[in-house]
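Fold and contact review
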Amino acid sequence: MYTQALNTPDREDRCVEDAARAAQFQARIDAEERIEPNDWMPSAYRKTLTRQISQHAHSEIVGMLPEGNWITRAPSLRRKAALLAKVQDECGHGLYLYAAAETLGASREELVDLMLAGKAKYSSIFNYPTLSWADIGTIGWLVDGAAIMNQIPLCRCSYGPYARAMIRVCKEESFHQRQGFEIMLTLCRGTEAQKAMAQDALDRWWWPVLMMFGPPDKLSQHSDASTRWKIKRFSNDELRQKFVDATVPQAQFLGLTIPDPGMKQNEAGNWVYSAIDWEEFNQVIAGNGPCNRDRLAARRKAHDEGAWVREAAQAYAEKRRQRTALQAAE
Amino acid sequence: MTVANISVSETPLVLYTLRRADDALILGHRLSEWCGHAPMLEEDMALANMGLDLLGQARELYAYAARVEGKGNDEDKLAYLRDARQYRNLLLLEQPNGDFARTMVRQFLYSTFADLYWRAMMRSGDATLAAIAARSEKESAYHVRHASEWIVRLGDGTEESHRRAQSAIDELWAFTGEMFAADDSERGLIEVGVAVDPAGLRAPWLKAVSEVAREATLDLPGNDWMQQGGRDGRHSEHLGHLLSEMQSVPRSFPGAAW
């Protein structure tokens, strides 16, 4: 059922690292040219992008679960339709990100298998539970907000198919972000119980959202090459700071308190946040977050229980092909 | 603390509209349960699409029912503050998703009916219902196509898919008779040209369903006994669970807007 790769690269040929080609490649990157699927690229570039794009795709698909958890309990018909449409958008993002990864020679099937086997990562944020309706507002407001901070620079990423996918994803994400903020605004202008629900959600999500930008710059292992290749244009800490600076006034507008009593604004106007608990981040990445097991189990269940459906579709397509061939022969 | 049921003055037109609104909401809700759990991502998209169409239909129908009733109810009160005995949907639509074959057979049986029904309702003497019918017909035509294609793939796919699809048809068949029934309340609307008589749609429905089933190498059951009661609020046990989940948030927060 999975589509095949757009092109089947001649791996042997492409993997031969050639100093002259590598220099030419870097010159193209430096000149802000887009690299396209059939262009020569260093195997490390291909590998880095395949990893990053597929992790991004997995994040969209696993990310359907925490929000999907509230589709059947959305508190109004308008919210229910908006949430269902939003989760559907995420599925669409996953689909075109897998398609972008396939242009690098990987197949969706093998990438999905790696994720189901627990060998490929997805965003750590989706390993936290959604416990109230306010979590849906908070995810839109903060998680999508953080994703946008990360993804807007990716619209200028050196790899063409990824950059183009990001342009479309970012448009939809910013719509989701506004929708999330609007849920929060409604709660914060609502009853005392609703306000308390909103504050509780912010208290639980704030620190995990800051962790979404990845480890601090001094510890990040992938950044150097990614920066040289213009896959990454800002460091983790730079993006995190941009996000915090954009979010603090929004929280103030909502009348919510960011759960960081030590946070202060410096002379440059940046909000300086307290130390992040990177041990928690490492534990979640290592599989010990509150929902890691549930998320993978849900994806595996969908995959396993869907196997007979995919087999049926394949068997039927094959029967049809044979019948058509037979008719043509007659 | 909980929020109590509303009461609805079920004049024939209010009741008629509520029944169709409940159909769309309950099936749309069932489809939304798949989101994130479908057999393939393309089907996550398609099931959500159909669910969104149905939620859209439900919202228009509830809004119209509330307007006709004129007692200050609105789409959310009608959806969230009536209990199972006040719901008027077809029993077929509240049946649990089961496996993918069960979901697709349910969709196929209903959408084939709904498409015929809304097409006929486009000529309703009630301008609002005729407009809702025109929109709903476009959507249900796509649902019929999507579900029919799956019925054929599953029926004529593997041994396992055939067995599952056949079992779904056998299980759900007894819920199809209710689609073609009309009570006295509805008969009055049929007589004045506001509603159409669903009994007249039985033959074209059976023809359409039989054609797809034949291509799918599936048998239609011979049993004539049909379950009824959904239109009067006598439901299967499944609906109460669906509603208690769906309504849990608004029921728990008195005075809240969302």
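Residues numbered from 1 in each chain as written. Chains lettered and ligands numbered in written order. Predicted model: local features only at pLDDT ≥ 70, side-chain atom pairs only at ≥ 80, totals over all residues. Heavy atoms only, no water.

Some remarks on the overall build of chain B
Quick reminder of the rule: A helix here means a DSSP run of H or I that spans at least four residues, while a strand means a run of E at least two residues long, and both kinds are numbered starting from the N terminus. Throughout, the radius of gyration refers to the C-alpha atoms, and the reference size of a globule is 2.2 Å times the residue count to the power 0.38. When accessible area is computed with a 1.4 Å probe and restricted to protein chains, residues below 20% of their type maximum are described as buried, those above 50% as exposed, and intermediate ones as partly exposed. The contact criterion used is simple: two residues touch if any of their non-hydrogen atoms lie within 4.5 Å. In this tally Asp and Glu are treated as negative and Lys and Arg as positive; neither His nor the chain ends contributes. Think of each charge as sitting on NZ of Lys, CZ of Arg, CG of Asp or CD of Glu.
A tally of regular secondary structure across chain B gives 11 helices and 0 strands. Secondary structure elements in chain B, listed N-terminal to C-terminal, are α-α-α-α-α-α-α-α-α-α-α. In terms of C-alpha radius of gyration, chain B reaches 18 Å, essentially the compact-globule figure of 18 Å for 258 residues. Referenced to the eigenvectors of the C-alpha coordinate spread, the extents of chain B come out at roughly 55 × 45 × 30 Å. A burial count over chain B gives 60% of its 258 residues as buried. Contacts spanning at least 24 positions in sequence make up 81% of the contacts within chain B whose residues lie at least 6 apart. Considering chain B, the positive charge centre built from 27 side chains and the negative charge centre built from 39 side chains are found 3 Å apart.

Things to note about the packing of aromatic side chains
Heads up, the rule is: When two rings of Phe, Tyr or Trp (its six-membered ring) have centres within 6.5 Å they constitute a pair, described as stacked for plane angles under 30 degrees, edge-to-face for angles over 60, and tilted for the intermediate range.
Inspection of every chain in the model, using the stated rule, returns 19 aromatic pairs over all chains. Between Phe-25 of chain A and Tyr-45 of chain A, the aromatic rings sit 4.9 Å apart at their centres with planes inclined by 75 degrees, giving edge-to-face as the arrangement. One end of the pair, Phe-25 of chain A, is in helix 2 (residues 19-30); the other, Tyr-45 of chain A, is in helix 3 (residues 43-62), and 20 residues separate them in sequence. Between Trp-278 of chain A and Phe-281 of chain A the ring centres are 5.2 Å apart and the planes differ by 90 degrees, which places this aromatic pair in the edge-to-face class. Residue Trp-278 of chain A and its partner Phe-281 of chain A are located together in helix 12 (residues 278-288), separated by 3 residues, close to a single helical turn. With respect to burial, Trp-278 of chain A and Phe-281 of chain A carry one shared label: buried. Among the aromatic side chains, those forming a connected cluster through ring pairs are Tyr-110, Phe-113, Tyr-117, Trp-118, Trp-173, Phe-180 and Trp-205 of chain B.

What to know about the packing of helix 7 (residues 133-151) of chain A against helix 9 (residues 192-211) of chain A
Residues and elements named next belong to chain A. Put simply, the rule is: Here, axes are lines fitted to C-alpha atoms. For helices the fit covers the stretch in contact, and angles between N-to-C directions go from 0 to 180 degrees. Crossings are assigned a handedness: left-handed for a near helix turned anticlockwise from the far helix by less than a right angle, right-handed for a clockwise turn. When residues are grouped by polarity, Ala, Val, Leu, Ile, Met, Phe, Trp, Tyr, Cys and Pro land in nonpolar, Asp, Glu, Lys and Arg in charged, and all others, Gly among them, in polar.
In the contact formed by helix 7 and helix 9, the axes pass within 9 Å of each other and the chain directions differ by 35 degrees. Handedness of the helix 7/helix 9 crossing: right-handed. Where helix 7 approaches helix 9, its residues Trp-133, Ala-134, Asp-135, Thr-138, Ile-139, Trp-141, Leu-142, Val-143 and Ala-146 are matched on the opposing element by Met-197, Ala-198, Ala-201, Leu-202, Arg-204, Trp-205, Trp-206 and Val-209. The residue inventory of the contact of helix 7 with helix 9, partitioned by class, reads 14 nonpolar, 1 polar and 2 charged.

Quick look at the interface of chain A and chain B
To keep it simple, the criterion reads: Note: buried area is the sum, over both parts, of the accessible area (probe 1.4 Å) each one loses when the two are combined. Here a salt bridge means any side-chain nitrogen of Lys or Arg lying within 4 Å of a carboxyl oxygen belonging to Asp or Glu.
Contact with chain A, which involves 46 residues of that partner, is made by 50 residues of chain B. Both sides together, the interface formed by chain A and chain B hides about 4,100 Å², and carbon and sulfur atoms give 70% of it. Looking at the side of chain A facing chain B, the largest losses of area belong to Leu-77, Gln-88 and Trp-308 of chain A, adding up to 19% of the total buried there. Joining chain A to chain B, the criterion identifies 3 salt bridges. Put simply, Lys-319 of chain A and Asp-156 of chain B hold a salt bridge, and the shortest N to O gap is 3.1 Å. Secondary-structure elements contributing two or more residues to the side of chain A that touches chain B are helix 4 (64-68), helix 5 (77-102), helix 8 (160-188), helix 9, helix 13 (292-305) and helix 14 (307-329) of chain A. The dominant element in the side of chain A that touches chain B, judged by the number of residues it contributes, is helix 5 of chain A, at 13 residues. Among the residues making up the side of chain A that touches chain B, the classes are represented as 28 nonpolar, 8 polar and 10 charged.

Focus on the pattern of salt bridges
Inspection of the entire model under this criterion finds 38 salt bridges over all chains. Here Arg-108 of chain A makes a salt bridge to Glu-42 of chain B, at a shortest N to O gap of 2.9 Å. Taken as a pair, Arg-108 of chain A in helix 6 (residues 108-116) and Glu-42 of chain B in helix 2 (residues 41-69) lie in two separate chains rather than in one. For the salt bridge of Asp-232 of chain B with Arg-19 of chain B, the shortest nitrogen-to-oxygen distance reads 3.8 Å. Note that Asp-232 of chain B is positioned in the loop between helix 9 (202-215) and helix 10 (238-246) and Arg-19 of chain B in helix 1 (residues 12-32), a separation of 213 residues in sequence. Classification of Arg-19 of chain B by relative accessible area gives buried; the value is 2%.

Structural notes on the state of the cysteines
All names here are of chain A. Short version of the rule: We call a pair of cysteine sulfur atoms a disulfide whenever their separation is within 2.5 Å.
For the coordinates displayed, the defined rule picks out 0 disulfides over all chains. Of the cysteine sulfurs around Cys-170, a residue in no disulfide, the closest is that of Cys-155, at 3.9 Å. What makes Cys-170 buried here is its relative accessible area of 9%.

Side note on the confidence of the model for chain B
To keep things clear, this is the line we draw: pLDDT is a residue-level measure of predictor confidence that goes from 0 to 100.
Per-residue confidence for chain B gives a mean pLDDT of 97, with 100% of residues at or over 70. This complex was scored by the predictor with a pTM of 0.95 and an ipTM of 0.97.

With respect to the nonpolar core
We count it as follows: Among buried residues, the Ala, Val, Leu, Ile, Met, Phe, Trp, Tyr and Cys ones that are joined through side-chain atoms within 4.5 Å form a nonpolar core.
If you look at the biggest cluster of nonpolar residues, it comprises 188 residues, and the most contacted ones within it are Tyr-45, Trp-133, Tyr-159, Trp-206 and Phe-243 of chain A together with Tyr-62 of chain B. Looking at this core element by element, the count peaks at 14 residues for helix 5 (residues 100-121) of chain B. Setting aside residues up to four positions removed in sequence, Tyr-62 of chain B forms contacts with Leu-77 of chain A together with Leu-18, Ala-21, Asp-22, Leu-25, Glu-75, Leu-78, Ala-79, Arg-82 and Tyr-87 of chain B.

Structural notes on the packing of helix 5 of chain B against helix 9 of chain B
Residue and element names in this part refer to chain B. Convention followed: Here the word oblique covers every angle except those under 35 degrees (roughly parallel), over 145 (roughly antiparallel) and from 65 to 115 (roughly perpendicular).
Interhelical geometry of helix 5 versus helix 9 gives an angle of 140 degrees and a closest axis separation of 10 Å. In terms of orientation, helix 5 and helix 9 fall into the oblique class. As helix 5 packs across helix 9, the resulting crossing turns out to be right-handed. Between helix 5 and helix 9, the contacting residues are Phe-108, Leu-109, Thr-112, Phe-113 and Leu-116 on the first element and Pro-204, Trp-205, Ala-208, Val-209 and Val-212 on the second. Across the contact of helix 5 with helix 9, the residue classes break down as 9 nonpolar, 1 polar and no charged.

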